Number of protein chains: 2
Amino acid sequence: MPTLSEVARRAGVTSATVSNVLRNRGRVGEETRQRVLEAVEALNYRPHLAARALAEGRAPTLALMVSSIANPFYPEFALAVERSARESGHFVIICNTNDDSIAGRAYLEQIAGNLSEGVLVMNANLDFDDLRATQERGTPVVLCMWERPGDPPGLPCVAVDFRLAGRLAGRHLIELGHERIGAIVGSKPSGIHAPRYAGFADAMRETGRKAYAKSKRHAPDTIAGGYAAARELLERDPALTAIFATNDLPALGAMHAAADLGFDVPRDLSVIGITDIQLARESRPPLTTVAVPTIEAARMAVSLLRELIERPARGEEPSALMCVTSSPELVVRGSTRSVSKKKRKES
Amino acid sequence: MPTLSEVARRAGVTSATVSNVLRNRGRVGEETRQRVLEAVEALNYRPHLAARALAEGRAPTLALMVSSIANPFYPEFALAVERSARESGHFVIICNTNDDSIAGRAYLEQIAGNLSEGVLVMNANLDFDDLRATQERGTPVVLCMWERPGDPPGLPCVAVDFRLAGRLAGRHLIELGHERIGAIVGSKPSGIHAPRYAGFADAMRETGRKAYAKSKRHAPDTIAGGYAAARELLERDPALTAIFATNDLPALGAMHAAADLGFDVPRDLSVIGITDIQLARESRPPLTTVAVPTIEAARMAVSLLRELIERPARGEEPSALMCVTSSPELVVRGSTRSVSKKKRKES
DNA sequence: TTGAAAGCGCTAACAA
DNA sequence: TTGTTAGCGCTTTCAA
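Being a predicted model, the structure only gives us computed values, none of them experimental.

1. Examining the pairing of strand β3 (residues 116–121) of chain B
All names here are of chain B.
So, point 1. Of all six residues in β3, six are buried, a share of seventy percent or more.
So, point 2. Pairing between strand β1 (residues 61–66) and β3: five bridges, direction parallel. Looking across to β3, one finds that Leu62 is bridged to Gly118.
So, point 3. In this structure, β3 lies alongside strand β4 (residues 141–146), joined through three bridges in parallel fashion. Across the sheet, residue Val121 finds its bridge partner in β4, namely Leu143.
So, point 4. With respect to chirality, the unit in which β3 leads through helix α7 (residues 128–136) into the neighbouring parallel β4 is right-handed.

2. Let's talk about the relation of the copies chain B and chain A
Relating one copy of the chain to the other requires a rotation about an axis plus a shift along that axis.
So, point 1. Superposition record for chain B on chain A: RMSD 0.1 Å, screw rotation 180°, translation along axis 0.1 Å. Here the transformation between the copies is reduced to the relation of a two-fold axis. Within chain B, the C-alpha atom positioned nearest to the axis of rotation is that of B:Ile93, 2.2 Å from it.
So, point 2. Most of the interface of chain B is mirrored in chain A, where 100% of its interface residues are also at the interface.

3. Here's the deal with the interface of chain B and chain A
So, point 1. With 47 residues of chain B at the contact, the number on the chain A side is 47 residues.
So, point 2. The junction of chain B with chain A conceals about 4,400 Å² of combined surface from both sides, 59% of it contributed by carbon and sulfur atoms.
So, point 3. Ranking the residues of chain B by area buried against chain A places B:Asn114, B:Arg137 and B:Arg284 at the top, with a combined share of 16%.
So, point 4. Where chain B meets chain A, there are four salt bridges.
So, point 5. Where the side of chain B that touches chain A is concerned, the elements lending two or more residues are α4 (49–56), α5 (73–87), β2 (91–96), α6 (101–111), α10 (223–236), α11 (248–260) and α12 (278–282) of chain B.
So, point 6. Its residues assigned to classes, the side of chain B that touches chain A comprises 27 nonpolar, eleven polar and nine charged.
So, point 7. Here strand β2 (residues 91–96) of chain A runs beside β2(B); their pairing, made up of three bridges, is antiparallel. Bridge pairing in β2(B) places A:Ile94 opposite B:Val92.

4. Regarding the sheet that holds strand β10 (residues 288–291) of chain A
Residues and elements named next belong to chain A.
So, point 1. Spatial ordering of the open sheet is given by β7-β6-β8-β9-β10-β12, a layout of six strands whose pairing is mixed. Edge positions in the sheet fall to β7 (216–219) and β12 (329–331), since each of these pairs with one other strand and no more. Adjacent strand axes in the sheet meet at a mean angle of 20° when their direction is disregarded.
So, point 2. Of the pairings in the sheet, the one linking strand β6 (residues 181–186) to strand β8 (residues 242–245) comprises four bridges and is parallel in character. When the bridges of β8 are listed, Ile181 appears paired with Ala242.
So, point 3. Docked against the sheet, helix α8 (residues 162–175) engages β6, β8, β9 (270–275), β10 and β12, running at close to 165° with respect to β9.

5. A word on the environment of B:Glu296
All names here are of chain B.
So, point 1. Summarising the element assignment, Glu296 is placed in helix α13 (residues 294–314).
So, point 2. In this structure Glu296 comes out as partly exposed when scored by relative accessible area, which is 26%.
So, point 3. Separated by 138 residues in the primary sequence, Glu296 and Val158 place their C-alpha atoms 9.8 Å from one another.
So, point 4. With residues up to four places along the chain from it excluded, the contact list for Glu296 reads Thr325 and Ser326.
So, point 5. Only 2.5 Å separates the side chain of Glu296 from the side chain of Ser326, close enough to count as a polar contact.

6. Thoughts on the nonpolar core
So, point 1. Judged by nonpolar contacts, the single largest core of 148 residues is most densely connected at A:Phe77, A:Phe244, B:Phe77 and B:Phe244.
So, point 2. Excluding anything up to four places from it in sequence, A:Phe77 contacts A:Leu64, A:Met122, A:Cys144, A:Met145, A:Thr294, A:Ala297 and A:Ala298.
So, point 3. If you look at the next biggest cluster of nonpolar residues, it comprises 42 residues, including A:Leu143, B:Tyr107, B:Val121 and B:Cys157.

7. Quick look at the sheet that holds β1(B)
So, point 1. Strand order in this open sheet of twelve strands is β11(A)-β5(A)-β4(A)-β3(A)-β1(A)-β2(A)-β2(B)-β1(B)-β3(B)-β4(B)-β5(B)-β11(B), and the pairing throughout is mixed. Edge positions in the open sheet fall to β11 (322–324) of chain A together with β11 (322–324) of chain B, since each of these has one partner strand only. Strand after strand, the sheet turns through a mean of 25° between neighbouring axes, direction not considered.

8. Quick word on the packing of aromatic side chains
So, point 1. By the definition in use, this model includes twelve aromatic pairs over all chains.
So, point 2. Ring pairing ties together the aromatic residues A:Phe73, A:Tyr74 and A:Phe77, which thus form one cluster.
So, point 3. One residue, A:Arg86, lies across the ring of B:Tyr107, its end atom 3.9 Å from the ring centre.

Calculation notes
Residues numbered from 1 in each chain as written. Chains lettered and ligands numbered in written order. Predicted model: local features only at pLDDT ≥ 70, side-chain atom pairs only at ≥ 80, totals over all residues. Heavy atoms only, no water. Buried < 20%, exposed > 50% of the residue type's maximum accessible area, 1.4 Å probe, protein only. Helix = DSSP H or I, 4+ residues; strand = E, 2+ residues; numbered from the N terminus. Pairing = 2+ DSSP bridges. Right-handed = clockwise from strand over helix to strand, strands pointing away. Least-squares fit on C-alpha atoms with pLDDT ≥ 70 in both. Contact = heavy atoms within 4.5 Å. Buried area = accessible area lost by both parts, 1.4 Å probe. Salt bridge = Lys/Arg side-chain N within 4 Å of Asp/Glu carboxyl O. Nonpolar A, V, L, I, M, F, W, Y, C, P; charged D, E, K, R; others polar. Axes fitted to C-alpha atoms, helices over the stretch in contact; angles between N-to-C directions. Polar contact = N/O pair within 3.5 Å; in protein donor to acceptor, adjacent residues only side chain to side chain. Core = buried A, V, L, I, M, F, W, Y, C linked by side-chain atoms within 4.5 Å. Phe/Tyr/Trp six-rings, centres within 6.5 Å; stacked < 30°, edge-to-face > 60°. Lys NZ or Arg CZ within 6 Å of the ring centre and 35° of its normal.

Below, the structure written as structure tokens:
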């Protein structure tokens, strides 16, 4: 690989000059410029990003921490992150923590500040103290999807009003006339799914329903998890006419369970999720869900991070430590319907 | 961020010594060692990976080029790649080419050799000349999933016998008694899906069937693509009893189309795909498919790449330029069944 | 066993 | 407009 000074030698100038033309920093004579460009071309020169990073005191990558990139939601997000990151010349390093905070810490310690200029966190299974520590050591961190806009996490974040999402889902079901509604809630009791369920509960309370509390199951955030939970729910109370899940994947699983138990969705049972992942559009029937502004969140997270990276260099305070995305929105598709008078036919 | 020499100063030694203890290179007195370790601890020192990379002349990352990480197949693969990469201390940079060879080239030029020590290519939409060029500039490249073991691509690769996969799928259908079989083939005519279809055709030929040729559609490698193609196929020839798709996603789409047209899968129509993505297990009915050794391919790709990275340093020739994974295997699930005598009931 | 010194490829003052 | 020089943080001979 040719280096700057080889290019310089060939062009009969010094590396400083080559550097200047490469960065378009002006103050270079047109003729010299041409010569340099020719040399670059002839040698097929490409700048050494690691060297540049070292000299500039900044790294050209952002780290994206996820529990597992294989979760169907993350890739969509990662794609958006990558696109935004590219705009500021950053590459993105995927860090799978595998839901293990030890692994997460290991990643942070190795990457932060050296290889990556900033850290994006897409799951809550990292130790917040670790995150604060890396922040204090000079590498900005932003949480990509904070679920409670009203309750700042003590770290920069982009917040999505998931409580509202839950409420919208609940309301939709109520408007369709459902009374007996089961709920499938993400597995970590005090975890990120609490606000979603709280919103759902709000909707129930607002309209004077109480029955919902009996029919609640926790399940891992997967199709299989939702399947198992829905089965339990439905076997325990076959009179349920709707199921609310705090996430699309379990909602999809619930549809399968319903089918296996002889319920027709949406005729006998309505199912609603939250997020609007790609798959939600592609299930049969397509899933009614509350869409969360994923792409917007990704963009915001990257620009917030970028701001945090750049501000200190300019001696300014960041303008805000929390961005709030636009609100979640109900997307009515085929998996919900107004409750039929005759209720279920079979089972 | 503390630096090596700060640690050194605090421990009353030079940076060379600190470096030695950190790399466990021995030749350091036990007492000094302790002092250094304490200083490291006290200062909370972490090595600067970019600086180390520069000094060592090697980068700590691998680039994974994919057309779009959002394709449901890639994340599973990416996860496996990341795990393997970590074993040799590499981080993985995700490069979404977006199926655009210009974007791909841009990535290669920026990353290869500087930020990344090697390049993994997970789609064929990169210009092979670009790949060869980066290889010649000193950055090893490996194709992660070459479809024709018998026909080396002129680049290091790990090959999967996709023709066999196609054949297994075809045979399975034939063994179930199917005669009229439709095929959905990936959209790029001469592209990566050709061997899969060729294998399918082999199976047909071997058993003297010819009808298949009429019922073939090209479709993008998505659920929607498969849906549209299957609809066409089925509307054109409702007597089809089976559909073979060169990939799971379109196969899943075909199942949806079948359902929409009143075909029951598998009673009226069998559907089979290739790959065995996670989703295949989670569809209704679960998809019969030919499983491809994804994880194994990921591991092989990373170790081949690692070997290519290290060999030249040791002056050796790489042992092989092509690894072949174990063979694809039929996974029978719920979407295929022996052809019923009465054929379809409805439609 | 430890230190001194050069250098990886680049940037960025500052001088000329 | 261009060159000189001094690093960025680390590794690695080679000496001591």
